[in-house]
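Secondary and tertiary structure notes
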Amino acid sequence: RSLPLLRPAAPPQRPAATPPPELHSEVRWARAADGARVPVTVCHARGLRLTGGAPLLVAVYGAYGACLHAQHRPEWLPLLRRGWVVALAHVRGGGELGQAWHDEGRKRRKRA
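Residues numbered from 1 in each chain as written. Predicted model: local features only at pLDDT ≥ 70, side-chain atom pairs only at ≥ 80, totals over all residues. Heavy atoms only, no water.

1. Comments concerning the overall build of the protein
Along its length, the protein carries 2 helices and 4 strands. For the protein, the N- to C-terminal ordering of α and β elements is β-β-β-α-β-α. Here the protein holds 112 residues, and 26% of them are scored as buried. Of the contacts formed within the protein by residues at least 6 apart in sequence, a portion of 59% connects residues at least 24 apart. (Helix = DSSP H or I, 4+ residues; strand = E, 2+ residues; numbered from the N terminus. Buried < 20%, exposed > 50% of the residue type's maximum accessible area, 1.4 Å probe, protein only. Contact = heavy atoms within 4.5 Å.)

So, in structure tokens, the structure goes:
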């Protein structure tokens, strides 16, 4: 007996969360091994001095041209309020800086 195929349900849409005013975010730039500039979104408590002493959570995703969207995530709020820094590295597998930038980080041109 064969079972009917079901279409996957669309993921529930949740409204974008608004970050609280006590947080600060900005885009900084890192340099890849091949010299390319890589954007990194950094979020932390407003007034926290970034001297290298704070704990850091780094989230990274870059594949198939998909972008890592920099959006407020409520689950990170307890860490941020305790002095942590959250960084989202927008690596070259994503498409944040266009197709040519993405392609330079693929296949034989990819550097580990």
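Moving on from the model shown.
2. Here's the deal with the side chain of Thr41
In this fold, Thr41 is placed in strand S2 (residues 37-45). Thr41 has contacts with Glu26, Val27, Ala70, Val86, Ala87, Leu88 and His90, leaving out every residue within four places of it along the chain.

3. Notes on the packing of aromatic side chains
Under the definition given, this model contains 0 aromatic pairs. Geometry around Trp29 places Arg37 over its ring, the cationic atom sitting 4.3 Å from the centre. (Phe/Tyr/Trp six-rings, centres within 6.5 Å; stacked < 30°, edge-to-face > 60°. Lys NZ or Arg CZ within 6 Å of the ring centre and 35° of its normal.)

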